[in-house]
Amino acid sequence: MLSIQSTEIQQTKVKDLMIHAEKVANVQSQNPLEHALLVLVKTGYSAVPVLDSDFHFEGVISKTMIIESILGIERIEVEKLSNLRVKSVMEKEFPTLNKEDGFMQGLKVVVDHPFVCVVDEDGYFDGILTRRAILKRLNQYLHENFYQNEQSQG
Ligand code: AMP
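Everything quoted here is computed from the prediction, not taken from an experiment.

**Looking at the site of the ligand**
Argument step 1. In the vicinity of the ligand there are 13 residues, among which Lys-23, Ala-25, Tyr-45, Ala-47 and Arg-132 approach most closely.
Argument step 2. Between Lys-23 and the ligand, the recorded distance is 3.0 Å, taken from a backbone N or O atom to a nitrogen atom.
Argument step 3. When isolated, the ligand has an accessible area of 480 Å², and the protein chains bury 82% of it.
Argument step 4. Mapped onto the shell around the ligand, the elements with two or more residues apiece are β3 (47-51) and β7 (125-130).

See the structure below:
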């Protein structure tokens, strides 16, 4: 039976897998929606973290949230892109992790989210943990500890 106990995967921490803040595209909550849409389209990401001017994590904004916010009854109200601020459209209820959290905590939260933000005790943004990074580590673990055993037995 496959057992994930006392293994190096349990010693893996969020900090070992996260993308650090300086490499993460982000927008500020006071930015107009237009700016957020430009960042999302230019980076190709479907969502990015929202920070305040002191680098505290505030929420997440996605292309879908922006498009929904400018949908009128009969037309897309493009002028809203410069009138509305990111703060009024972003999702605030988003789970976060701490960089000292373990692999299993990371795995649990990325089940429902393609990425999760990593913040410190004071709410400062440290980076993101992506579902891709968690799956990559899990895949490596399974190959090293399970698949190889299966091959040597067979
Ligand atoms: P990935 O697993 O690389 O496909 O990333 C999943 C999601 O995480 C992307 O769609 C983005 O929303 C977010 N993401 C990944 N890398 C970055 C980054 N460097 N900056 C901002 N957001 C990112």
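**Some remarks on the nonpolar core**
Argument step 1. Core analysis: the biggest nonpolar cluster contains 15 residues, and Val-14, Leu-17, Leu-97, Phe-103, Val-110, Leu-129 and Ile-134 have the highest contact counts within it.
Argument step 2. Elements with a contribution of two residues or more to this core: α2 (14-17), α6 (103-110), β6 (115-119) and α7 (131-153).
Argument step 3. Leu-17 has contacts with Thr-12, Phe-103, Leu-129, Ala-133, Ile-134 and Arg-137, leaving out every residue within four places of it along the chain.
Argument step 4. Of all hydrophobic cores here, the second largest spans 14 residues; its members include Val-48, Ile-70, Val-86 and Met-90.

**Let's talk about the side chain of Ser-62**
Argument step 1. Position of Ser-62 among the secondary structure elements: in strand β4 (residues 57-62).
Argument step 2. If we skip the residues at most four places from it in the chain, Ser-62 touches Leu-40, Ser-46 and Ala-47.

**Remarks on the pattern of salt bridges**
Argument step 1. Under the criterion given, the structure shown has 5 salt bridges.
Argument step 2. A salt bridge links Lys-15 to Glu-100, with the nearest nitrogen and oxygen atoms 3.1 Å apart. Of this pair, Lys-15 sits in helix α2 while Glu-100 sits in the loop between β5 (96-97) and α6, placing them 85 residues apart in sequence.
Argument step 3. A salt bridge links Glu-58 to Lys-87; the nearest nitrogen and oxygen atoms lie 3.3 Å apart. Of this pair, Glu-58 sits in strand β4 while Lys-87 sits in the loop between α5 (80-83) and β5, placing them 29 residues apart in sequence.
Argument step 4. Each of Lys-13, Lys-15 and Glu-100 takes part in salt bridges that share partners, so that together they form one network.

**Thoughts on the packing of aromatic side chains**
Argument step 1. Tallied over the entire structure, the rule returns 2 aromatic pairs.
Argument step 2. With a centroid separation of 6.1 Å and an interplanar angle of 40°, the aromatic rings of Phe-94 and Phe-115 are classed as tilted. With Phe-94 in the loop between α5 and β5 and Phe-115 in strand β6, the pair connects residues that are 21 residues apart, well separated along the chain.

**Some points on the UniProt feature "domain: CBS" (unreviewed entry) in the protein**
Argument step 1. Here, UniProt's "domain: CBS" (unreviewed entry) annotation points to residues 18-78.
Argument step 2. In the segment residues 18-78, helix accounts for 31% and strand for 25%; the C-alpha atoms at its two ends are 35 Å apart.

**So, the environment of Ser-46**
Argument step 1. Take Ser-46: it is sitting in the loop between α3 (33-43) and β3.
Argument step 2. Measuring from C-alpha to C-alpha, the distance between Ser-46 and Thr-130 comes to 13 Å, with 84 residues separating the pair along the chain.
Argument step 3. Other than its neighbours up to four places away in sequence, Ser-46 contacts Leu-40, Ile-61, Ser-62 and Lys-63.

**Some words on the pairing of β3**
Look at any regular strand and the pattern is simple: side chains alternate between the two faces of the sheet.
Argument step 1. With 5 of its 5 residues buried, β3 lies for the most part within the structure.
Argument step 2. Pairing of strand β2 (residues 27-28) with β3, which is carried by 2 bridges, proceeds in the parallel orientation. Bridging across to β3, Gln-28 finds its partner in Leu-51.
Argument step 3. Direction of pairing for β3 relative to β4: antiparallel, over a ladder of 5 bridges. Bridging across to β4, Pro-49 finds its partner in Val-60.
Argument step 4. Between β3 and β4, which pair antiparallel in sequence order, lie 5 residues; one of them, Phe-55, sits at a positive phi of approximately 75°.

The rules behind the values
Residues numbered from 1 in each chain as written. Predicted model: local features only at pLDDT ≥ 70, side-chain atom pairs only at ≥ 80, totals over all residues. Heavy atoms only, no water. Near = heavy atom within 4 Å. Polar contact = N/O pair within 3.5 Å; in protein donor to acceptor, adjacent residues only side chain to side chain. Areas by Shrake-Rupley, 256 points an atom, 1.4 Å probe, with all protein chains shown as cover. Helix = DSSP H or I, 4+ residues; strand = E, 2+ residues; numbered from the N terminus. Core = buried A, V, L, I, M, F, W, Y, C linked by side-chain atoms within 4.5 Å. Buried < 20%, exposed > 50% of the residue type's maximum accessible area, 1.4 Å probe, protein only. Contact = heavy atoms within 4.5 Å. Salt bridge = Lys/Arg side-chain N within 4 Å of Asp/Glu carboxyl O. Phe/Tyr/Trp six-rings, centres within 6.5 Å; stacked < 30°, edge-to-face > 60°. UniProt positions renumbered as here; feature names shortened; annotations may be inferred. Pairing = 2+ DSSP bridges.

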